[in-house]
Amino acid sequence: MSESAQLHELNDSLKEKLLKWLPEQSRLETPISGLALTRHDENTSAIRCFYTPMIALVAQGFKRSMIGDHEANYGELHCVTVGIDMPGVFHITNASPQAPFLSLSVKLDRRIITQLITEAPSLVAAQEGEVTPVVVDEVDKELLQAFSRLVELLDTPSRIPVLAPMIIREIHYYLLCGSQGKCLRLFNTSGTQANQIAQAISWLRENYTSPIRMEELARYVNMAPSTFNRHFKEVTSLSPLQFQKRLRLYEAERLMLLEGKDAGTAALMVGYESGSQFNREYKRQFGAPPRKDVAKKRS
């Protein structure tokens, strides 16, 4: 059997596993930490989201994304790897109840990446050159098998604590060995400007409710303010202040949609002191005032 035929056979098996856990349109955060499964039964309009470091595989259907200012369009037997946190927008095409869009995603762990780089220096190329934080590529047999085994573990919950971390580490290893490796190495190797920006982004994600001074954030990652601002925007397509604002708005949206908070409470929780400013910036980001936007999304 050719490698292509083997890939399609493996993928057909993975589709069956996904359909078992996704009998209807939904997004499932599984008992395996970091593993999420998604099904769409119809095409979607543009959906805004915030991407975290992760790899997502499409088992069926097609997805068009803009992650930062990087275009990422991918379908069956293709995956996208995102090396850092970035805002994005996507829409699903060619989906129907008869042939739903099916995908799975695994969050990437910087500690695992750093450990693997330390343990296997051969993974690091001498000259990495230019790198992009978003990589789209065909999935290979080893990676597809690892994804399939990870989903299969959902059938035996007692094995998850022992085997899931091993398979997730295996997935990280295959990524570092593949075309995605350059991206992951650069953002997770100390001393690179990309790693300094990654540290700043991590700080912003953990402290997005607090006022920030860009000079202090630049000093935190040992960069000159002008250099920091330039490289931050090159990587994320946003200035640090715009990035923080986007983090606040997306978290406020989540609080209203998933936790039932009202707009005023959500605004205060994410760091806004002015309700009118929150309403203005929310409408500019999502196209409608908070109450109207949340009601539409719930319906």
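Look up: the structure comes first, before these words.
Residues numbered from 1 in each chain as written. Predicted model: local features only at pLDDT ≥ 70, side-chain atom pairs only at ≥ 80, totals over all residues. Heavy atoms only, no water.

1. Overview of the environment of Val-162
Topologically, Val-162 is positioned in helix α4 (residues 160-177). Given the relative accessible area of 55%, Val-162 is considered exposed. Residues Val-162 and Ser-239 lie 77 residues apart in sequence; the distance between their C-alpha atoms is 41 Å. (Helix = DSSP H or I, 4+ residues; strand = E, 2+ residues; numbered from the N terminus. Buried < 20%, exposed > 50% of the residue type's maximum accessible area, 1.4 Å probe, protein only.)

2. What to know about the state of the cysteines
The full count for this structure, using the stated rule, is 0 disulfides. No disulfide involves Cys-49; its nearest neighbouring cysteine sulfur is the one of Cys-183, lying 16 Å away. Looking at Cys-49, the relative accessible area reads 17%, which means it is buried. The thiol of Cys-183 is not disulfide-bonded; the next cysteine sulfur, from Cys-79, is found 12 Å away. Using a relative accessible area of 1% as the deciding quantity, one classes Cys-183 as buried. (Disulfide = S-S within 2.5 Å.)

3. Section: the side chain of Arg-185
Turning to its location among the elements, Arg-185 is positioned in helix α5 (residues 181-187). At a separation of 2.9 Å, a polar atom in the side chain of Arg-185 contacts the main-chain carbonyl oxygen of Leu-176. (Polar contact = N/O pair within 3.5 Å; in protein donor to acceptor, adjacent residues only side chain to side chain.)

4. Considering the packing of aromatic side chains
Under the counting rule described, the total for this entry stands at 10 aromatic pairs. Consider the rings of Trp-203 and Tyr-220, whose centres lie 6.4 Å apart with planes at 55°: the pair is tilted. Here Tyr-220 lies in helix α7 (residues 214-220) and Trp-203 lies in helix α6 (residues 193-206), a separation of 17 residues in the sequence. Taking the relative accessible area as the measure of exposure, Trp-203 reaches 24% and is therefore partly exposed. Grouped by ring-pair contacts, the aromatic residues Phe-50, Phe-228, Phe-232, Phe-243, Tyr-250, Tyr-272, Phe-278, Tyr-282 and Phe-286 constitute a single cluster. We note Lys-63 situated over the ring of Phe-90; from NZ or CZ to the ring centre the distance is 4.2 Å. For Arg-248, the ring lying beneath its charged end belongs to Tyr-272, and the centroid distance is 5.7 Å. (Phe/Tyr/Trp six-rings, centres within 6.5 Å; stacked < 30°, edge-to-face > 60°. Lys NZ or Arg CZ within 6 Å of the ring centre and 35° of its normal.)

5. Focus on the sheet that holds strand β5 (residues 62-67)
Taken in spatial order, the 4 strands of this open sheet run β3-β8-β5-β6, and their pairing is antiparallel. The strands lining the two open edges of the sheet, one partner per strand, are β3 (47-51) and β6 (70-75). Neighbouring strand axes in the sheet, compared pairwise and without regard to direction, differ in orientation by 25° on average. Sheet strands touched by helix α9 (residues 240-259): β3 and β8 (86-93). Its angle to β3, the strand with the most contacts, is close to 115°. (Pairing = 2+ DSSP bridges. Axes fitted to C-alpha atoms, helices over the stretch in contact; angles between N-to-C directions. Contact = heavy atoms within 4.5 Å.)

6. Looking at the pairing of strand β9 (residues 101-107)
In terms of residue burial, β9 counts as a mostly covered element, since 6 of its 7 residues are buried. Relative to β9, strand β2 (residues 35-40) is paired through 6 bridges, and the arrangement is antiparallel. The residue of β9 that forms the bridge with Leu-35 is Val-106. Examined bridge by bridge, strand β4 (residues 54-60) and β9 share 6 bridges and lie antiparallel to one another. Among the inter-strand pairings, Leu-57 is bridged to a residue of β9, identified as Leu-104.

7. A short note on the sheet that holds β9
With antiparallel pairing, the 6 strands of this open sheet are ordered in space as β1-β2-β9-β4-β7-β10. Edge positions in the sheet fall to β1 (26-29) and β10 (134-138), since each of these pairs with one other strand and no more. Within this sheet the neighbouring strands show an average axis-to-axis angle of 15°, counted without direction. Two strands pair when backbone bridges link them, and β4 and strand β7 (residues 78-82) are joined in this way by 5 bridges, in the antiparallel orientation. By the bridge assignment, Ile-55 is partnered in β7 with Thr-81.

8. Let's talk about unusual backbone geometry
Leave glycine aside and you will find that most residues have negative phi; peptide bonds, for their part, are mostly trans. Within the chain, Asn-222 stands out as a residue other than glycine whose phi angle is a positive 60°. Position of Asn-222 among the secondary structure elements: in the loop between α7 and α8 (225-236). Under the relative-accessibility criterion, Asn-222 is labelled exposed at 67%. The phi torsion at Ser-237 lies on the positive side, around 75°, for a residue other than glycine. Of note, Ser-237 is situated in the loop between α8 and α9. We classify Ser-237 as partly exposed; its relative accessible area is 24%.

By themselves, these figures tell us nothing about what the structure is for.
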